[in-house]
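Chain and residue survey
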Amino acid sequence: MVKGGGWCGLRPSHFYATSTDVVAIERDLGGIEQRYGEIAMPAGILVGARDRVLGMHIHGLPMTEKISDLDFEPVDDLGHMPQFIEPQRVIVFIKRIADRAFAVDR
């Protein structure tokens with residue numbers, strides 16, 4: 001909780017924001033999911049294959065069929081919240097997606 005920053009989620013503003021998301025997702029997710037195919041810009045998902053919170057085979061891999069040209073990168077040795085475990089790897093991934101998004105010949 002301390003090293004990974006988990007306690008930060010208990011700040012009143014963060015708790016309120018997370019609670020709002022949980023309530024809204026019930027109402028909004030179906031409509032959002034229906035529009036995944038409309039995503040026309042470079043997009044990517046980096047997921048820890050050992051994530052025990054959000055299973056890659058349910059919350060990650062199916063997205064490759066929903067978003068055209070999705071850059072999907074499963075990482076065998078990572079679990080949940082890879083940005084705290086291997087921030088440099090996440091930075092490289094984000095830069096790769098940004099390079100595609102801002103390419104001149106796009």
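Here's what I pulled together on the structure shown here.

About the cut-offs
Residues numbered from 1 in each chain as written. Predicted model: local features only at pLDDT ≥ 70, side-chain atom pairs only at ≥ 80, totals over all residues. Heavy atoms only, no water. Patch = residues over 30% accessible without salt bridge, like charges linked within 9 Å, V, L, I, M, F, W, Y side chains within 5 Å. Areas by Shrake-Rupley, 256 points an atom, 1.4 Å probe, with all protein chains shown as cover. Salt bridge = Lys/Arg side-chain N within 4 Å of Asp/Glu carboxyl O. Helix = DSSP H or I, 4+ residues; strand = E, 2+ residues; numbered from the N terminus. Buried < 20%, exposed > 50% of the residue type's maximum accessible area, 1.4 Å probe, protein only. Contact = heavy atoms within 4.5 Å.

1. Brief notes about a nonpolar patch on the surface
Together, Met 81, Phe 84 and Ile 85 give the surface a local cluster of nonpolar side chains, amounting to about 290 Å² of exposed area. Tracing the sequence through the fold places Ile 85 in helix α3 (residues 82-85).

2. Some thoughts on the side chain of Glu 73
Relative to the helices and strands, Glu 73 resides in strand β2 (residues 71-75). With a relative accessible area of 17%, Glu 73 lands in the buried category. Ignoring sequence-local partners within four residues, the contact set of Glu 73 consists of Ile 45, Leu 46, Val 47, Arg 89, Phe 93 and Arg 96.

3. Looking at the environment of Asp 69
Its place among the elements puts Asp 69 in the loop between α2 (56-59) and β2. Take Asp 69: its relative accessible area is 62%, and that puts it in the exposed class. Taking the C-alpha atoms as reference, Asp 69 lies 8.9 Å from Ala 40; in sequence the two are 29 residues apart. Once you skip the residues sitting within four places of it in the chain, Asp 69 turns out to touch Ala 43 and Arg 100.

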